[in-house]
Amino acid sequence: MLLERINSPEDLRSLTHAELDDLATEIREFIVDAVNACGSGHLGSNLGAVELTIALHRVFESPRDILLWDTGHQAYVHKILTGRRDSFTTLRQEGGLSGYPSRSESPHDWIENSHASTVLSYAHGLATAQQSEHGDGRRVVAVIGDGSMTGGMAYEGLNNLGHSGRDCIIVLNDNGRSYAPTVSRLGESLNKVRSNPTYVRETTRMERFLRRVPLVGRFLNRGFNATRTAAREFWTEPVTFFEQLGLFYSGPFDGHDVRELERAFRNASEIGGPQVVHVVTQKGRGYAPAENDSVKHLHDVGGVKPGSYTAAFTEALIKAGENHPELVAITAAMPDSTGLLPFAERFPDRMIDVGIAEQHAVTSAAGMAMGGLLPVFAVYSTFLTRAIDQVNLDVALHGQKVIFCLDRAGITGDDGASHHGVLDMVLLSKVPGMTVLAPSSYQELQAMLHDAVELADGPVAIRWPKTAARNVHADEVGVGFRARRWREGDDVCILAVGKMLEAALAAADELAAEGRSVTVWDARAVTPVDLDMIADAARHRLVLTVEDGYRDGGAGALFAEHVAAHVDEADVPMPSVSVLGVPTRFIAQAKPDAILAELGLDATGIAAEVRRRS
Ligand SMILES: Cc1ncc(C[n+]2csc(CCOP(=O)(O)OP(=O)(O)O)c2C)c(N)n1
Ligand SMILES: CC(=O)[C@@H](O)[C@H](O)COP(=O)(O)O
Ligand SMILES: [Mg+2]
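Predicted, not measured: the structure shown is a model, and the values here were computed from it.

Asks: Could you give me a rundown of the overall build of the protein chain, with the residues and numbers involved?
Replies: Looking only at helices and strands, the protein chain features 24 helices and 17 strands. In summary, the protein chain has a C-alpha radius of gyration of 27 Å against a globular reference of 25 Å for 614 residues, a match within 12%. Dimensions along the principal axes, computed over C-alpha positions, put the protein chain at roughly 90 × 55 × 50 Å. Of all 614 residues assigned to the protein chain, the portion counted as buried reaches 60%. Long-range pairs, those at least 24 residues apart, make up 77% of the contacts in the protein chain with a sequence separation of at least 6. For the protein chain, the computed accessible surface area is about 24,100 Å², with 53% contributed by carbon and sulfur atoms. On the protein chain, the mean spot of the 58 positive side-chain charges and the mean spot of the 80 negative ones are 5 Å from each other.

Asks: So what about the coordination of the magnesium ion (ligand 3)? Which residues, and what values?
Replies: Each angle at a metal carrying four tetrahedral donors should ideally be 109.5 degrees, and each at a metal carrying six octahedral donors should ideally be 90 or 180 degrees. Summarising the metal site, the magnesium ion (ligand 3) is bound by the protein donors Asp146 (OD), Asn175 (OD1) and Arg177 (O), whose distances to it range over 2.0 to 2.2 Å. Linear spacing of the donor residues for the magnesium ion (ligand 3) on their chain is D-x28-N-x1-R. With a gap of 29 residues between them, Asp146 in the loop between strand 2 (140–145) and helix 6 (152–164) and Asn175 in the loop between strand 3 (168–174) and helix 7 (186–192) connect regions that are remote in the sequence. Residue Asp146 shares its accessibility class with Asn175, and that shared class is buried.

Asks: Describe the environment of Val526, listing the residues and the values that go with them.
Replies: Locating Val526 in the fold gives a position in strand 15 (residues 525–527). Overall, Val526 belongs to the buried group, its relative accessible area being 1%. Counting along the chain gives 152 residues from Val526 to Leu374, while the straight-line C-alpha distance between them is 22 Å. With near-sequence residues (within four places) excluded, Val526 lies in contact with Met425, Ser429, Val436, Val497, Ala555, Leu558 and Phe559.

Asks: Any chance you could break down the pairing of strand 14 (residues 518–522) for me, citing the residues and the numbers?
Replies: Where burial is concerned, most of strand 14 is hidden: five out of the five residues are buried. Across the two faces of strand 14 the burial is the same, with Val518, Val520 and Asp522 and Thr519 and Trp521 all buried. The pairing of strand 12 (residues 484–487) with strand 14 spans three bridges and is classified as antiparallel. In the strand pairing of strand 14, Arg484 is matched with Asp522. Judged from the five bridges that link them, strand 13 (residues 492–496) and strand 14 form a sheet pairing that is parallel. Bridging from a neighbouring strand, Val492 pairs with Val518 of strand 14. Each parallel crossover has a hand, and for strand 13 linked through helix 20 (residues 500–512) to strand 14 it is right-handed.

Asks: Talk me through the pattern of salt bridges; I want residue IDs and the actual numbers.
Replies: By the definition in use, this model includes 30 salt bridges. Of the charged contacts, one joins Asp65 and Arg139 as a salt bridge, the two residues approaching to 2.7 Å between their closest N and O atoms. On the criterion of sequence distance, the pair formed by Asp65 in the loop between helix 3 (50–59) and strand 1 (66–69) and Arg139 in the loop between helix 5 (119–130) and strand 2 is long-range, its members being 74 residues apart. For Arg139, a relative accessible area of 26% gives the class partly exposed. Here Asp86 makes a salt bridge to Arg85, at a shortest N to O gap of 2.9 Å.

Rules behind the numbers
- Residues numbered from 1 in each chain as written.
- Chains lettered and ligands numbered in written order.
- Predicted model: local features only at pLDDT ≥ 70, side-chain atom pairs only at ≥ 80, totals over all residues.
- Heavy atoms only, no water.
- Helix = DSSP H or I, 4+ residues; strand = E, 2+ residues; numbered from the N terminus.
- Rg over C-alpha atoms; globule rule 2.2 N^0.38 Å.
- Buried < 20%, exposed > 50% of the residue type's maximum accessible area, 1.4 Å probe, protein only.
- Contact = heavy atoms within 4.5 Å.
- Areas by Shrake-Rupley, 256 points an atom, 1.4 Å probe, with all protein chains shown as cover.
- Lys, Arg positive; Asp, Glu negative; His and termini not counted.
- Charge placed at Lys NZ, Arg CZ, Asp CG, Glu CD.
- Donors = N, O, S within 2.8 Å, 3.2 Å for Na, K, Ca; no water.
- Pairing = 2+ DSSP bridges.
- Right-handed = clockwise from strand over helix to strand, strands pointing away.
- Salt bridge = Lys/Arg side-chain N within 4 Å of Asp/Glu carboxyl O.

What follows is the structure in structure tokens.
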């Protein structure tokens, strides 16, 4: 087994290319076993990045050279080759290996944020530092997928790198897919470009030398520009999009040929300045289930689970779509895991994939609403945070009815700190005119989507967790955006937000067994706050809000403000007020229920908080 001999990138440099091909096979088998054992993870992306990562670590000397990964979900091979092979049995487990690069795991890792399209900005920053007096001659290499290239930040980084001329090698890993096929024509046009890297490199180098010749250089400038323009018109490949921005383009190269990749990376390293090395890879390469099943296996071994909140959303959206031909669904490159695929099958022209471009999605939705459509943007909670400005000023300032359906709200677990959806209530409850809803069951989600479509006259956000949904009877579902009381007592009042209702009711049973009289409300809406719920809560000795979002500035803080206002107005005694929520800190990966329990956001924790406050 060759893989057992690889404990650092240096060990790669003694292998022949035939051995490297064998090593790639072993790495693929290793990844498939690890992801299947872990039960979740990014199979397709990593199977497609095997040869690419081997070649990068043979040409560049990480960690001295800086190797950056956009999103980081495709960095398993990087981790395996940098000494973490034996820890892969702990992938995405509590206290184990992160599913993304992790600075605490290795000096080879730089970017921990799993949000896409950031790498070129990091690269510009690091290249700027390297070219300052603080630089120490390290090369900056950034790997970005074709999907992540569709994010706005990627263009901002490209523009700045091209304009600044910084030394930086961008490896565009083009496999034609995000989750779904990538929404971009860039890949198609680049595939028409057949640069002969040697020819282009030599002429470019010669040109650059001659242009600098004193006196004659400026005449040569004009001559070269005229020649190149003519040549491009009639002979060679068009100036690529990247070269228009000031970056040198080479490729496309076979992303599964280590020799070719090594040559391309060495060329780019010699040429200097901002470079794009375009490599074409196959997502899921070498593993039939990933190659053939683009929903279940190609991106991550996810898929929408029956009985989940996502499944409830899918059903309700199709029903709303049947009743409202103006309703359109928007995704930011994730139609499958947000539950939009059945809607797209039912209404092929009414599901719009904008690429990994959440900010654009939100403002485009505002435009759609202005044009008479009813846009529903299905997005993970954590990914909407990068578009809060657009939500606030492009949608809410204009009073546009856009329905934001936020999946993976609350504690998501396996994907770690950059995936928990814990900022949504804090941020969205501060957007004027925004209705923020949190369903506590499968049926509540469907009722809320229905009422958002039928009743709202402005923006609505509905947020739900990545878990199986509780099921309730039709007469146990609220109406409109009002709160719903589940249990009446007179000593303690628990205001539960979303999925926390189940734990609150269980805690109330536990407390009742001790003789405590507990009221439980399903808040249902974070904003607007239901004043009847507040008035009822204010008559208790203790008001405890339980939410799976940041406590600071969240739903509980808002409810506490309204209790105080009510007490002032009604001139009644102020109850004791408490909030159980997520502390404002980054939370590493673990199973969601384990994290919630550790935070006291389960029945035991809620009951303990009531006892503590009694
Ligand atoms: C801002 C943001 N939106 C959505 C996602 C979810 N996501 C993770 S990976 C991915 C697809 C990335 O495609 P690409 O960059 O082409 O990489 P590949 O998996 O094809 O190698 C998406 C949409 C994310 N990580 N960040
Ligand atoms: C890397 C990324 O952002 C997503 O692919 C993330 O892994 C989503 O995971 P789930 O869809 O399993 O919640
Ligand atoms: Mg891709």
